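Descriptive analysis of the structure
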Number of protein chains: 2
Amino acid sequence: MSETQRSGCPINLTLEALGDRWSLIVIRDLMFGNRRHFRELLNNSEEGIASNILADRLKRLTEGGFITRADDPSHKQKAIYSLTEKAIQLVPLLAAMGAWGRRHLPATRTLSVRAEILEEGGPALWADFMAELREAHLGIPRPGTGPKASDQMRDAYLAALAEED
Amino acid sequence: MSETQRSGCPINLTLEALGDRWSLIVIRDLMFGNRRHFRELLNNSEEGIASNILADRLKRLTEGGFITRADDPSHKQKAIYSLTEKAIQLVPLLAAMGAWGRRHLPATRTLSVRAEILEEGGPALWADFMAELREAHLGIPRPGTGPKASDQMRDAYLAALAEED
């Protein structure tokens, strides 16, 4: 998304494309929170993203080929955002980020259990979750009928929430 | 390294700690380029980091517990920087970043071969590389005497450089 690339190193290019923290936060919420509308992304934001920043990042992520925007067939006046294949392939990177963060930073238990499941499930679980995302965002049917990675993450999250009360 | 944390989500915390692109670039150069002195980090920078930005990021990374600074025993007037355990454990995250970037962004061949080796080697190679880094940066002897992950990466990088000519 940057105009000029400082080097052709793949780590540098990834940081240039996604290096501002809000872009990955928005992708995280589309990916793990299944928030597909502007209002959901805004109102449910754990980090309290400002509406002008959210609007700007959605625009930049669309221009960068990470998300697409379409009219929601069920609410004509609303736009629905979908992850592209390029963004879906960020699952291993977000899993690595969650695994490192929950170990080295003061992460809360409730918001860490999904990262823990992703870490323990490893590449096989990431592949399942990516197949689910392809179904939900790209309309590509998920192969197999086994338990969903997202159900596992949701159940663990709800259990942690219940423990918190 | 941020003063206030926007949420306890481990992905958010990781982005808050490392979300500015230059911090991870400096860690990358300490990690994969074995650049331990200010001048090396400055003069060999593929991205042309400015000296004031480098100085600021070295300070912030030190404060954040990612690197330590000591007098170099072989050059009394020079400081030598070392990665901490916390930073060494970023290897899988940087590997995921390199793997995604070389696939989805216009990375150059020469600067991608090390990312390719890390991706193909997977968690076993990352563990070997982390053991090497612990030896070089923390003085913890590397177990075993097998071939070094860094030699594999260096050989591939030099071969790609030679092909470029």
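Placed above this text is the structure.
What comes next concerns the included structure. Residues take numbers from 1 onward in each chain, read along the sequence in its written order. Lettering of chains starts at A and numbering of ligands starts at 1, both following the order in which they are written. Residues qualify for local features only when their pLDDT is at least 70, as the model is predicted, and side-chain atom pairs are given and counted only at 80 or more; totals for whole chains, interfaces and linings, by contrast, use all residues. Just so you know, side-chain values use all the structure's heavy atoms and leave hydrogens and water out.

1. Notes on the overall build of chain A
Convention followed: Elements are defined by DSSP. Helices are runs of H or I of four residues or more, strands are runs of E of two residues or more, and each kind is numbered from the N terminus. All radius of gyration figures rest on C-alpha atoms, and the globule criterion is 2.2 Å times the number of residues raised to 0.38. Should any heavy atoms of two residues lie within 4.5 Å, those residues are considered in contact. By the counting rule applied here, Lys and Arg register as positive and Asp and Glu as negative, while His and the ends of each chain are not counted. To locate a charge, the coordinates of NZ of Lys, CZ of Arg, CG of Asp or CD of Glu are taken.
Looking only at helices and strands, chain A has eight helices and two strands in total. In sequence order, chain A lays out its α and β elements as α-α-α-α-β-β-α-α-α-α. At 16 Å, chain A has a C-alpha radius of gyration in line with the 15 Å of a compact globule built from 165 residues. Dimensions of chain A, computed from C-alpha atoms along their principal axes, come out at roughly 45 × 40 × 35 Å. Sequence-distant contacts, at least 24 apart, represent 51% of the contacts inside chain A between residues at least 6 apart. Taken as two groups, the 21 positive and 23 negative side-chain charges of chain A have centres that lie 4 Å from each other.

2. Side note on the layout of surface pockets
Under the convention used in this document: Definitions used for this entry: grid spacing 1 Å over protein atoms alone; cavity, a set of points where a 1.4 Å probe fits but cannot get out; pocket, an open set with protein on both sides within 12 Å along at least 5 of 7 lines; lining residue, one with an atom within 4 Å of a point. Grid points are joined across faces, edges and corners, and a volume is the space filled by probe spheres set on the points. By the convention adopted, Pro, Cys, Tyr, Trp, Phe, Met, Ile, Leu, Val and Ala count as nonpolar, Lys, Arg, Asp and Glu as charged, and the other residues, Gly among them, as polar.
Considered as a void within the structure, the largest pocket measures approximately 680 Å³ in volume. Considering the residues around the largest pocket, the lining is formed by 28 residues, among which A:Pro92, A:Ala96, A:Trp126, B:Pro92 and B:Trp126 are closest to the centre. Going through the elements one at a time, α6 (91-104) and α7 (109-138) of chain A together with α6 (91-104) and α7 (109-138) of chain B are the ones with two or more residues in the lining of the largest pocket. Element by element, the count of residues in the lining of the largest pocket is highest for α6(B), at eight residues. Grouping the amino acids of the lining of the largest pocket by side-chain chemistry returns 18 nonpolar, five polar and five charged.

3. What about helix α8 (residues 149-164) of chain A?
At 3.6 residues per turn, the α-helix brings residues three or four places apart onto the same side. To be explicit about the condition: For a helix, the expected span equals 1.5 Å multiplied by the residue count minus one.
Given a rise of 1.5 Å per residue, 16 residues ought to cover 22 Å, and the 23 Å separating the end C-alpha atoms of α8(A) matches this to within 8%. Contacts from the buried residues of α8(A) go to α2 (21-32) and α7 of chain A.

4. Regarding the environment of A:Arg57
Here A:Arg57 is to be found in helix α4 (residues 51-63). Linking A:Arg57 and A:Trp22, residues 35 residues apart in sequence, is a C-alpha distance of 7.1 Å.

5. Some thoughts on the relation of the copies chain B and chain A
Note: a rotation about an axis with an accompanying shift along it relates these two copies of the chain. The criterion, for reference: In this comparison the copies share one frame, found by least squares on the C-alpha atoms of residues holding pLDDT of at least 70 in both.
The transform that puts chain B on chain A rotates by 180° and translates by 0.0 Å along the axis, for an RMSD of 0.0 Å. Taken together, the rotation and translation relating the two chain copies correspond to the operation of a two-fold axis. Of the residues that chain B buries at the interface, 100% are likewise interface residues in chain A, meaning the two copies contact each other through the same surface.

6. Focus on the packing of α2(A) against helix α1 (residues 10-18) of chain B
For clarity, the cut-off: For helices, the fitted axis covers only the stretch in contact; all axes are lines through C-alpha atoms, and the angles between them, taken along N-to-C directions, range from 0 to 180 degrees. Angular relationships are summarised with four words: roughly parallel below 35 degrees, roughly antiparallel beyond 145, roughly perpendicular across 65 to 115, and oblique for the angles in between.
Running from N to C, α2(A) and α1(B) cross one another at 170°; their axes reach a closest spacing of 10 Å. If you check the angle between α2(A) and α1(B), you find them roughly antiparallel. Of the residues in α1(B), those touching α2(A) at A:Arg21, A:Leu24, A:Ile25, A:Arg28 and A:Phe32 are B:Ile11, B:Asn12, B:Leu15 and B:Glu16.

7. So, the packing of aromatic side chains
Note the following rule: We call Phe, Tyr and Trp rings a pair once their centres come within 6.5 Å, taking the six-membered ring for Trp, and we label the pair stacked below 30 degrees between planes, edge-to-face above 60, and tilted otherwise. Whether a residue is buried, partly exposed or exposed follows from its accessible area with a 1.4 Å probe, protein chains only, as a fraction of its type maximum: under 20%, in between, or over 50%, in that order. By the criterion adopted, a ring carries a charge over it if an Arg CZ or a Lys NZ lies within 6 Å of its centre and within 35 degrees of its normal.
Going through the model one piece at a time under the given rule, you end up with four aromatic pairs over all chains. Between the aromatic rings of A:Phe66 and B:Trp100, the centroid separation amounts to 5.8 Å while the plane-to-plane angle is 20°, which identifies the pairing as stacked. One end of the pair, A:Phe66, is in the loop between α4 and β1 (67-72); the other, B:Trp100, is in helix α6, on a second chain. Each member of the pair, A:Phe66 as well as B:Trp100, is classed as buried. One Lys or Arg, A:Arg114, reaches over the ring of A:Tyr157 and ends 4.0 Å from the middle of that ring.

8. Some thoughts on the pairing of strand β2 (residues 75-83) of chain A
All names here are of chain A. Our working rule: By the convention used here, strands pair only if DSSP detects at least 2 bridges between them.
The pairing of β1 with β2 spans six bridges and is classified as antiparallel. When the bridges of β2 are listed, Asp71 appears paired with Ala79. Two successive antiparallel strands, β1 and β2, enclose a turn made up of two residues.

9. Notes on the pattern of salt bridges
Selection criterion: For salt bridges, the criterion is a side-chain nitrogen of Lys or Arg within 4 Å of an Asp or Glu carboxyl oxygen.
Tallied over the entire structure, the rule returns 30 salt bridges over all chains. Two residues, A:Asp29 and A:Arg28, come together in a salt bridge whose shortest N-O distance is 2.9 Å. Here the two residues A:Asp29 and A:Arg28 agree in accessibility, since each one is buried. Among the ionic pairs, B:Arg60 bridges to B:Asp56, the shortest N-O distance being 3.2 Å. Of this pair, B:Arg60 and B:Asp56 both sit in helix α4 (residues 51-63), four residues apart, which is roughly one turn of the helix.

10. Looking at the packing of helix α2 (residues 21-32) of chain B against α6(B)
Residue and element names in this part refer to chain B. It is the contact of α2 with α6, at a shortest axis distance of 12 Å, that shows an interaxial angle of 105°. The angle between the axes of α2 and α6 places the two elements in the roughly perpendicular class. Residues Leu24, Ile27, Met31 and Phe32 of α2 touch α6, and the partners they reach there are Val91, Leu94 and Met97. Residue classes in the contact of α2 with α6 are distributed as seven nonpolar, no polar and no charged.

11. Notes on α6(A)
A rise of 1.5 Å per residue sets the reference length of α6(A), with its 14 residues, at 20 Å; its end C-alpha atoms lie 20 Å apart and thus fit the reference within 8%. Counting buried residues along α6(A), ten of its 14 residues qualify, which places the element largely inside the surrounding structure.

12. So, the interface of chain B and chain A
Here is the rule: Put simply, buried area is the surface a 1.4 Å probe can reach on two separate parts but cannot reach once they are joined, added for both. Counted as a polar contact is a pair of N or O atoms within 3.5 Å, where, for protein atoms, one must be capable of donating a hydrogen and the other of accepting one, and residues adjacent in sequence contribute only when both atoms are in side chains.
Across the contact, 45 residues belong to chain B and 45 residues belong to chain A. Interface of chain B and chain A: buried area, both sides summed, is about 4000 Å²; carbon and sulfur atoms make up 71% of it. By the criterion of area lost to chain A, the three top residues of chain B are B:Ile11, B:Arg21 and B:Trp100, representing 18% of everything that side buries. At the surface where chain B touches chain A, the tally comes to zero salt bridges. Across the chain B-chain A interface, the total number found is ten residue pairs in polar contact (both at pLDDT 80 or more). When contributions to the side of chain B that touches chain A are tallied by element, the ones reaching two or more residues are α1, α2, α6 and α7 of chain B. At eleven residues, α6(B) tops the list of elements feeding residues into the side of chain B that touches chain A. Counted by class, the side of chain B that touches chain A contains 24 nonpolar, twelve polar and nine charged residues.

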